[in-house]
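Tertiary structure, described
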Amino acid sequence: MAEVTVFVDENFSHRSRGSGWTTVVDGATVFNGSDTADNPASLGHICSDDGGGAFTNDRCYFSFDLSEVPSDGTITGVVMTLHFISVVGSQTDSDYLKFKIVKATEHNLTTGNGTSTWDDRDESVVHDDDNFVTCTDDQDNSFTFNTGDDLFAYVVAQHAAGNNAAFWPMSKLELEDGAGAAPTGMNRTSFAANGASTSSEKPKLVITFTPAEVPNSSIKLTGGSIKLSGGSLKVEG
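In every chain, residue numbers begin from 1 and rise along the written sequence. Reporting in this predicted model follows two pLDDT cut-offs: at least 70 for local features of residues, and 80 or more for side-chain atom pairs to be given and counted; totals over whole chains, interfaces and linings ignore these cut-offs and use all residues. Water and hydrogen atoms play no part in the side-chain values, which are based on all heavy atoms of the structure.

What to know about the environment of H83
Under the DSSP-based scheme used, a helix requires at least four consecutive residues in state H or I and a strand at least two consecutive residues in state E, with every element numbered from the N terminus. Among the secondary structure elements, H83 is positioned in strand β6 (residues 74-85). With a 1.4 Å probe rolled over the protein chains alone, any residue whose accessible area is under 20% of its type maximum counts as buried; one over 50% counts as exposed, and the rest are partly exposed. For H83, a relative accessible area of 10% gives the class buried. Linking H83 and G185, residues 102 residues apart in sequence, is a C-alpha distance of 23 Å. Discounting chain neighbours no more than four positions away, the residues touching H83 are D138, Q139, D140, S190, F191, A192 and E201. Separated by 2.8 Å, the side chains of H83 and D140 make a polar contact. Whether two residues are in contact is decided by their heavy atoms: any pair within 4.5 Å suffices. For the purposes of these results, a polar contact is taken to be a pair of N or O atoms within 3.5 Å, where, inside protein, one atom must be able to donate a hydrogen and its partner to accept one; residues adjacent in sequence count only when each atom of the pair is a side-chain atom.

Some remarks on helix α3 (residues 150-161)
Given a rise of 1.5 Å per residue, twelve residues ought to cover 16 Å, and the 16 Å separating the end C-alpha atoms of α3 matches this to within 8%. All of the buried residues along α3 are L151, F152, Y154, V155, Q158 and H159. All buried residues of α3 fall inside an arc of 155 degrees around its axis, so they share one side. For α3, exposure combined with an orientation more than 90 degrees from the buried face picks out A160 and A161. The span expected for a helix works out to 1.5 Å for each residue beyond the first. The reported arc concerns the directions from the helix axis to the C-beta atoms and nothing else.

So, the pairing of strand β4 (residues 42-51)
Bridging between β4 and strand β12 (residues 188-192) involves five bridges; their strand directions are antiparallel. In the strand pairing of β12, I46 is matched with R188. Each pair of strands is called paired provided DSSP finds at least two bridges between the two strands. Pairing analysis gives four bridges linking β4 to strand β5 (residues 54-64), with the strands arranged antiparallel. In the strand pairing of β5, D49 is matched with F55.

Quick look at the structure:
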């Protein structure tokens, strides 16, 4: 068994704002977002009731280059870690800091580009079908991709295809908007990003894998001898 830590390759954020929570989650008015080339130290995340029926919702995108895992290795475990950073302002709703990791449908985005990237998600593919992770500001929060769930299978498939794997961390308020969940006030946090001054706080995947077996090769002499007068002897299994 071997392990590799893969730090984030691309990341950005963008925002939807308008009237009605479900409408905002669906992309009421989506603004162009940040660009991963800016190497932001952090990505802000707001999920708020702005008053008068208006709401704001942010989304943050993280993509990881899986090429550090050998192409012939078999992935056996995936854990994504995000460092949450507290922001001045209250967190009104207890469900805000409950997150799931959601599959992005495009693995090589570099910037928030209005509605075309806002809808880049598959909410049926998450890190855990049953449970949200309750997160804490100013510390690392980890999400284990269960081997029986579709998001783990997605990472395995992306690795086999030689592609990045990309994700959106999404709050319970956003994922359950159709069930009546909505912010009742201001909720804010930030995620450390690819430009974080402390490298250990950057978004990362810790991937465990089984290396491919190296075949055993041997030469057996039942008699006589081998003499090399020059060159080399190479045994291929």
